[in-house]
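# Close look at the chain arrangement
So the chains spell out like this:
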Amino acid sequence: MPNRKASRNAYYFFVQEKIPELRRRGLPVARVADAIPYCSADWAKPVSTPLRRPGMLVSKQSFSPPDISSLSLDSDQALLGGIFYFLNIFSHGELPPHCEQRFLPCEIGCVKYSLQEGILADFHSFINPGEIPRGFRFHCQAASDSSHKIPISNFESGHDQATVLQNLYRFIHPNPGSWPPVYCKSDDRPRVNWCLKHMAKASEIRHDLELLTVEDLVVGIYQEKFLKEPSKTWVRSLLDVAMWDYSSNTRCKWHEENDILFCALAVCKKIAYCISNSLATLFGIQLTEAHVPLQDYKASNSVTPKMVVLDAGRYQKLRVENAGFPHFSSSSQGQGSNTATGDYPSGVKISGQNNSVRGRGITRLLESISSCSSNIHKFSTCETSLTPYMSQKDGYKSFSSLS
Amino acid sequence: MSGRARVRARGIACRPSTPEIGRTQASPSPASVDVSDKDTPSSSGYMGTSRISQKMVFLGDSDSTQKDKDGVSSGDVGCTFLGRGGRIRREFMDLGACTREKLAHVRDCKTGSSGIPVKLVTNLFNLDLPQDWQLYQYYVTYIPDLESRRLRIALLYSHSELFNKAKVFDGAILFLLEKLEEKVTELSSETQRGETVKIVITLTRELPSSSPVCFQVFSIIFKKILKKLSMYQIGRNYYNPSEPVEIPQYKLTLWPGYSVSVSQFESSLLFSADVCYKVLRSETVLEFMTDLYHKTGLSSFTQACEKELLGLIVLTRYNNKTYRIDDIDWSVRPTHTFQKRDGAEISYVDYYKQQYDITLSDLNQPVLVSLLKSKRNDNTEARIAHLIPELCFLTGLTSQAISDFQLMKALAEVTHLSPLGRQQRLARLADDIQRNKDARFELETWGLHFGCQMSLTGRIVPLEKILMQDQVFCQPMSAADWSKDVRTCKILSAPSLNKWLIICNNRAEHVNESFLNCLRRVGSSMGFNVDYPKMIKVQEDPAAFLRAIQQHVDADVQLVMCILSSNQKSYYDSIKKYMSSDCPVPSQCVLTRTLNKQGMMMSVATKIAMQMTCKLGGELWAVEIPLKSLMVVGIDVCKDALNKEMAVVGFVASINTRITRWYSRCILQRTTTNVADCLKVLMIGALNKWYQYNHGLPARIIVYRDGVGDGQLKTLIEYEVPQLLSSVAESSSNTSSKLSVIVVRKKCVPRFFMEMNRTLQNPPLGTVVDSEATRPDWYDFYLISQVAHQGTVNPTYYNVIYDNNGLKPDHMQRLTFKLCHLYYNWSGLIRIPAPCQYAHKLTFLVAQSIHKEPSLELANSLFYL
């Protein structure tokens, strides 16, 4: 017998989701059928829920072909200055569903990032996983050995969970008020969420943090810029890149010294690198050492001066300072003033690069171009798939296509 | 680690079922190229360990722990075979798939006729049954209901009605050879406590001897018989601890054993047996711990202990069961007590004294903790068993032992039985079964007659000529290896290598010069033009290699060669990962060690040159294939090494009529089973490629599917074949290509020996068996396409599950044999068709090193060789 319920479509669920809101507005809606007339208008609107931030909703209703000139600089600036946090927590494996304790958090990494400035600060700490449930020692050890290789016991660097969480909260959210968005990869989200809750329980700190996925963030930024939704595969391939695996100043000290690839901090930093390399360049941001590990590519190679001038000109035009956008600029300035004066919890490093980027565009560009090799044109394979979306005339060359 | 060992390890990594030791060793495994691209340098040692020990992981009946013996009644029906609901074992599930009746052209006859007939002896024995043999299945209920299986069995068996009858009972389902008078029989008994229990026996089924359920009953009967021959069941096999083979210099003990099964073959019911060994260490965990204590001292003892012992498989001799050490509880002593199932408190010391009459000597030892696998697949909490180190024997080999060449050689001398040695062991088993009074009695009560060893006639198909450039046919000196013949001939086609890089560390400099000269020399004689590369010297760490690649690879670079000084997996993985997805350029990794072998330089260079040619999209040789417009496809599926939830599906299809160029793709999918659900994308991709090159679609497509586990045949027929069919149908509007799907299995029950000069030998290359040892419901055949220098050759089993090509069985067999010649990483025959081996190599690379889909830009070359 066919399942009648299968006939429910996306619109049905859309309407169902809207019902509470309609009721709040005082409309008499008992069931989905009643609500339909009120929802049709909303349904027509383009959806950009992933970011869940009113300030970033695409205001335009029509999908025009991506034309950079027609975009307001305001929204660009807002995006560029917006601050995101990338968070990851590693565990000693995952225990089976019947166990009360599903994960054993052992390492945490967090990065403060904006498209404009790159990585602003990072936070890293090892966590004391606590007592390993009886009988699961081998399971946990095997899981650890196959990835981050953090010892499951007798590891001196592990801090207790309450302290780590407190430090993390101080890093992300030093002042009362609304919490900034925190992102992690969708595959890691259940684990990170569980660990945060678990650590909060242990330390009796309220868990206020809302964890969003990086994939949605990338989709959101892309949509914001080009009013088009990128494909999931494209987003995934953008984030899953091996080239920075061994870059210096990416892993935490311990993982770097022991030459182990899996590091919670490195995961966060690599997200930042990927986004910088493929998205920030679309905005015409000149990549700095805070965006990608440039210092590893110090081969001097000549670049045709013509192109430099061209790029620099456009770059400077873009760099008109604008603080018009309420949400982003306020948050970024607030953060900025804070980091300057605040005391930092342990594990937090503030990037020294964040001010060196300001200055004359052309000199900076020349410097950075000569410092980065022209040979790295293969920097990102996403480039090829990106080009159809952006018209050639916009000319904001990405880091990788400079050669 | 030698190439062969790697290949073996490879087999493990991808197949869920592990070959027992002594079963697989046919020698020139295809990919055993010692020189070049190493596959899993460091992990292979680990996997090697699991090769021996994997079988021992929790195959035992987990009903019994030391803590309670109550649950198990040892002499009776194992519920491992038949669950309460009469669950069918996985091999038997495959028998339900009757594919042959749908294939009109083989319904009447599936045997070929070409080739020279050859008389073969098998490891199969006739098992005769009376014509009207039938089995009666009853369902037994107790009023009031009883939980204890042991009690249920005891009560039923005490009844005189059933006393002398042939019966099998697992606590709920009863099988009888003779029918009871009534359809429903009611009996009543009294327990020791004086309760009266009513037993109701209801007839549920009458089973003919061809029913799969009967095979399970036969298995149970043979389990009883082998027990009577004082063999112990460990896992699925039966071992004889009373005749151990000791290898004292390595503290190893081998238990000889057999794996047996009963099944319906082409024309009769056959009993099959094969020889296997269980590797044990003649060392208890306690002895191991004491040793370790003397080495490390007190301070780091517990840590060292956990590091060494966790994850090892131990065997407890008192019940011959295996356990994995999951944890060590340092706080519990043998003098501590635990609660038995009936609630009584007892100390470990007393328990072992009472239960097994074992006196523990060390009362201060800690206990080992093992998680018991829940038999039901629900999420109930796992049970824990405490084991006493003194009573636990280590099993399997450490990675250290596996890399010990002498040790492995000593082991191989025992386990790799020659055909004659194997035959002698089989004959002894048959003899024992027939002579032992109890065993014979058991057989007789069931009306079975254990017959003689079966021999049959196979055919040797003609050997193939290897086709090189300018229509030079070369009939190799040895069909198994034509590497020498190939050196003088020009290969079919090779792009010239103009711009390429060699990245090496500073120390490797001196070898490079001579190697490069050698490479250019062999290259030119093969017709492969190699220009001087750009040399880049870097420091010795993966980051430096990766950085050098990133800096120097540009659009014109055709190939990157990395000369690595150690076979650390991280180097290889990071290079392969970057070069196959981020920056798709063919890459070749070579170990400094291989280049240092001065005497071997020529053959090393030849092999590397051949691999490089393939990676650039060249073709080495061909065989004559009369079918025009034929596309052959190989599919393999295995699990990702890091993320067990991901399955890696490799798909390799030929894209020219000569079957020398290949289109290779790999897709990762999230599943728990090894069934592919992305075949449509892959197949359509391959057909498009074919169209590009040939301006038409192939008339015939033959798909070889490897990596199929027991019990998956039906899923394959119902799920994968339709995917292939629909993609073929969609790709053309008028006449669609004909399709055949063949399941390739490297592990199969039968073995064949050839009688010659009054002794037994391995059958020669090209031996085909398509009668007697095959199954009546399938269109299947066995093919021997490899030479075993050591031990007994293992035939490869082919099962055609779908075929509308209508090729004669003869042609299908010949074609399969021809395809075994086309694997370019080995200049010789291999045991499975080349596309399968390519697919396997690809999935292995992705599962072990890359963990993501390789770039499509590489799909036209064999970049993974």
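This structure is a prediction, so every number in the text was calculated from the model and none was measured. (Residues numbered from 1 in each chain as written. Chains lettered and ligands numbered in written order. Predicted model: local features only at pLDDT ≥ 70, side-chain atom pairs only at ≥ 80, totals over all residues. Heavy atoms only, no water.)

## Here we look at the overall build of chain A
When helices and strands are tallied, chain A shows 14 helices and 6 strands. Burial analysis of chain A (403 residues in total) assigns 51% to the buried set. A separation of at least 24 residues holds for 72% of the contacts in chain A among residues at least 6 apart in sequence. As presented, chain A carries roughly 18,800 Å² of accessible surface, and 53% of it is formed by carbon and sulfur atoms. (Helix = DSSP H or I, 4+ residues; strand = E, 2+ residues; numbered from the N terminus. Buried < 20%, exposed > 50% of the residue type's maximum accessible area, 1.4 Å probe, protein only. Contact = heavy atoms within 4.5 Å. Areas by Shrake-Rupley, 256 points an atom, 1.4 Å probe, with all protein chains shown as cover.)

## Details of the UniProt feature "domain: Piwi" (unreviewed entry) in chain B
Mapped onto the present numbering, the UniProt feature "domain: Piwi" (unreviewed entry) falls on residues 559–851 of chain B. Across residues 559–851 of chain B, the secondary structure splits into 33% helix and 27% strand, with the terminal C-alpha atoms separated by 22 Å. (UniProt positions renumbered as here; feature names shortened; annotations may be inferred.)

## Digging into the interface of chain A and chain B
Taken together, the 31 residues of chain A in the interface contact 38 residues of chain B. With both chains or domains summed, chain A and chain B bury close to 3,000 Å², and 53% of this area falls on carbon and sulfur atoms. At the junction of chain A and chain B, the tally comes to 11 residue pairs in polar contact (both at pLDDT 80 or more). Considering only residue class, the side of chain A that touches chain B consists of 12 nonpolar, 10 polar and 9 charged. (Buried area = accessible area lost by both parts, 1.4 Å probe. Polar contact = N/O pair within 3.5 Å; in protein donor to acceptor, adjacent residues only side chain to side chain. Nonpolar A, V, L, I, M, F, W, Y, C, P; charged D, E, K, R; others polar.)

## A few points about the confidence of the model for chain B
Residues and elements named next belong to chain B. Taken as a whole, chain B shows an average pLDDT of 82; of its residues, 88% reach a score of 70 or greater. Counting contacts from residues 1–87, a segment whose pLDDT is below 50, to residues more than four positions away or on other chains yields 265 contacts. We note a pTM of 0.76 for the whole complex and an ipTM of 0.72 for its interfaces. (pLDDT = per-residue confidence, 0-100.)

## Points about the sheet that holds strand 17 (residues 367–372) of chain B
Residues and elements named next belong to chain B. Reading across the sheet, the 3 strands line up as 14-17-18 and stay open at both edges, with antiparallel pairing between neighbours. With partners counted over all chains shown, the strands left at the sheet margins are strand 14 (327–329) and strand 18 (383–387), one partner each. Neighbour-to-neighbour, the strand axes of this sheet turn through a mean angle of 35°, independent of strand direction. (Pairing = 2+ DSSP bridges. Axes fitted to C-alpha atoms, helices over the stretch in contact; angles between N-to-C directions.)

## Observations concerning the packing of helix 7 (residues 214–226) of chain A against helix 8 (residues 232–239) of chain A
Helix packing geometry: the angle between the two helix axes and the distance between the axes. Residues and elements named next belong to chain A. For the pair helix 7 and helix 8, the least separation of the axes is 10 Å and the interaxial angle reads 115°. It follows from the interaxial angle that helix 7 and helix 8 lie roughly perpendicular. Judged by the twist between their axes, the crossing of helix 7 over helix 8 is right-handed. Only Lys232, Trp234, Val235, Leu238 and Leu239 of helix 8 make contact with helix 7, whose side of the interface consists of Val214, Glu215, Asp216, Val218, Val219 and Tyr222. Classifying every residue of the contact of helix 7 with helix 8 by side-chain character gives 8 nonpolar, no polar and 3 charged. (Parallel < 35°, antiparallel > 145°, perpendicular 65-115°, else oblique. Left-handed = near helix turned anticlockwise from the far one by under 90°.)

## Quick word on the nonpolar core
Core analysis: the largest hydrophobic core is formed by 164 residues, its most contacted members being Phe86 and Ile275 of chain A. Residue contributions to this core reach at least three from each of two domains, namely domain 4 (494–616) and domain 5 (627–749 + 804–858) of chain B. Setting aside anything within four residues of it in sequence, one finds Ile275 of chain A in contact with Phe86, Tyr113, Leu115, Val214, Leu217, Val218, Leu239 and Ala280 of chain A. Counting 110 residues, the second largest nonpolar core, distinct from the first, contains Ala97, Phe222, Leu270 and Leu760 of chain B. (Core = buried A, V, L, I, M, F, W, Y, C linked by side-chain atoms within 4.5 Å. Domains from an automatic or database assignment.)

## Regarding helix 4 (residues 149–157) of chain B
Residue and element names in this part refer to chain B. Where helix 4 is concerned, the buried positions are Arg149, Arg152, Ile153, Leu155 and Leu156. Buried residues of helix 4 fall within an arc of 165° about the axis and therefore sit on the same side. Contact partners of the buried residues in helix 4: strand 2 (134–143), helix 5 (160–163), strand 3 (167–169), strand 4 (173–176), strand 5 (184–190) and strand 6 (196–208). (Arc of directions from axis to C-beta.)

## Overview of the domain arrangement of chain B
Residues and elements named next belong to chain B. Splitting chain B by domain gives domain 1 (134–207), domain 2 (214–278 + 406–453), domain 3 (284–398), domain 4 (494–616) and domain 5 (627–749 + 804–858). A separation of 29 Å is found between the C-alpha centroids of domain 4 and domain 5. Contacts between domain 4 and domain 5 engage 16 residues on the former and 14 residues on the latter. It is Lys577, Ser580 and Pro584 that lose the most area in domain 4 upon contact with domain 5, and together they represent 35% of the buried surface on that side. For the interface between domain 4 and domain 5, the tally reads 1 salt bridge. Taken together, the links from domain 4 to domain 5 amount to 4 residue pairs in polar contact (both at pLDDT 80 or more). For the side of domain 4 that touches domain 5, the secondary structure elements donating two or more residues are helix 17 (569–582) and helix 19 (601–615). (Salt bridge = Lys/Arg side-chain N within 4 Å of Asp/Glu carboxyl O.)

## With respect to the pattern of salt bridges
Counting across every chain of the model gives 40 salt bridges over all chains. With a shortest N-O distance of 3.7 Å, Arg251 of chain A and Glu256 of chain A are connected by a salt bridge. A relative accessible area of 6% places Arg251 of chain A in the buried class. With a closest N to O distance of 3.3 Å, Glu619 of chain B and Arg661 of chain B form a salt bridge. A residue pair is termed long-range when its members are at least 10 positions apart, and Glu619 of chain B in the loop between helix 19 and strand 27 (630–639) and Arg661 of chain B in the loop between strand 28 (646–654) and strand 29 (662–670) qualify at 42 residues. For Arg661 of chain B, a relative accessible area of 23% puts it in the partly exposed group. Salt bridges sharing common partners tie together Arg134 and Arg137 of chain A together with Glu306, Asp327 and Asp329 of chain B.

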